[in-house]
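Listed below are the residues making up each chain.
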Amino acid sequence: MDIYNDIKNLYPICRSITGKGIEDTLNYIKSEISITIHKVETGTEAFDWKVPKEWNIKDAYIKNSKGEKILDLNDHYLHVLNYSIPINKKVDLNELKEHIFTLPDLPNYIPYKTSYYKENWGFCMKHSDFLKLEDDIYEVFIDSTLEDGYLSYADLIIKGKSEKEILISSYCCHPQQCNDSLSGTVMAMYLAKYLQNKSNFYTYRFIFIPETIGAIVYLSKNLKLMQENIIGGYVLTCVGDEGEFTYLKTRKENQLVDKVTLFLLDQSGLNYKIRDYHTCGSDERQYNYPGIDLNIGSLMKTKYGEFEEYHTSADNLDFITPKGLQETYNLYIKCLDLIENNHYYMNTKLCEPMLGKYGLYNLLGASKNLKNNIGQYCRKILYYCDGEHDLIDISNKLKINIDEVIVILKKLLSNNLLKK
């Protein structure tokens, strides 16, 4: 497994919410997992929105009067305002400044700026370079197209024993942004690989979309089915740095993913942060919106907007690390495994069963070790298998590690002493 290497492979692609870049990204994912790619025409209505025109770009630069390039798209894709209309003209310094975006507080970073729904043209540059601009006549050139076309997205359904679904959503539309965007996309790809290689109780719905408009389009086409089946899930983003874990709760709170994720974070012994839903900023905005109510959380490392590299050229391959990615992957696997097992169980016997005849009681007793005194643990767990306590409730109530609870439950299930 090499999540970092796949991010490295995808990093050079110039992405946006439509166009060749996102299509190339989806095709890369399709070479790894069996996603289905969908295309939606420009102008298609999706609730209060419409699919915008398709944007593609080949080249862009600014030249001074000597013909020297002082800015070049090929040096960094953030150098151009995303969705810029084509332009080829000469301007003086004052007009040029009206179309340049910088970060005065972070003078060595290039900002990430977009203009999806208002036609405009512009460039982004380091503020330190902006201050060096001289009074001159500049040639501005953007070789882009903005025309009727398609919005592309992809999904993958991994069937389980139940029709009830867990949603895993990621967005793959940001150009050369590693933590915000790519880390979540590739993490989702690896979680799909994990689930495809095992038998699952739940069905899993993976979505690879352009942020916001992609989620809205997807919901507009699949809402009824999603509301019938989805019981929770995650938006994957900002999962590659080495900061503390952050969990963004669902709007309703105390939902399945909230309970599972916060339980495991607490059990981990790690320092972590909790953020309320009203601080949301990604596609969980759509999935939790009143009337949609899919109860989707987001488990991140450092939350978007809370690291200075966010939406800048500094969110690069040096900001994320294999260690940070692996830590997040490991915790997501624990979350999915617990979701798979965190059911409500019922006893199948009246009064406590005779555990000895099932090989679940050590007649010598008096041992506090799980292996040597499994009968005592079986008894205690059976006390709370009443259809009203799930695994997390039982683990919290009895102060028994969740992994040990799962081991015992599997033994009780295999001996038909419990039913889901």
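My aim in this report is to walk through the structure given alongside it, one point at a time.

1. Side note on the sheet that holds strand 19 (residues 418–419)
An order of 18-17-19 is seen for the three strands of this open sheet, with the pairing classed as antiparallel. Here the strands that pair on one side only, and so sit at the sheet edges, are strand 18 (386–390) and strand 19. Bridging between strand 17 (residues 344–347) and strand 19 involves two bridges; their strand directions are antiparallel. Within the sheet, the bridge partner assigned to Asn347 lies in strand 19 and is Leu418. Relative to the sheet, helix 11 (residues 391–398) contacts strand 17 and strand 18, its axis offset from that of strand 18 by approximately 75°.

2. Considerations on the nonpolar core
With 122 residues, the main nonpolar core has Phe206, Phe208, Tyr234 and Tyr287 as its most contacted residues. At 10 residues, helix 5 (residues 178–196) tops the list of elements feeding residues into this core. With residues near it in sequence (within four places) discarded, Tyr287 still touches Leu167, Ser169, Ile207, Ile209, Ala215, Leu219, Val235, Ile292, Asp293, Leu294, Asn295 and Ile296. Formed by eight residues, the second largest nonpolar core is a distinct cluster that contains Cys238, Tyr304, Phe307 and Phe319.

3. Side note on unusual backbone geometry
The backbone of Tyr83 shows a phi angle near 80°, a positive value even though the residue is not glycine. Relative to the helices and strands, Tyr83 resides in the loop between strand 5 (69–72) and strand 6 (87–92). Of note, the phi angle at Lys399 is positive, near 55°, even though the residue is not glycine. Residue position: Lys399 is located in the loop between helix 11 and helix 12 (402–414). Under the relative-accessibility criterion, Lys399 is labelled exposed at 71%.

What counts, and where the lines are drawn
Residues numbered from 1 in each chain as written. Predicted model: local features only at pLDDT ≥ 70, side-chain atom pairs only at ≥ 80, totals over all residues. Heavy atoms only, no water. Pairing = 2+ DSSP bridges. Helix = DSSP H or I, 4+ residues; strand = E, 2+ residues; numbered from the N terminus. Contact = heavy atoms within 4.5 Å. Axes fitted to C-alpha atoms, helices over the stretch in contact; angles between N-to-C directions. Core = buried A, V, L, I, M, F, W, Y, C linked by side-chain atoms within 4.5 Å. Buried < 20%, exposed > 50% of the residue type's maximum accessible area, 1.4 Å probe, protein only.

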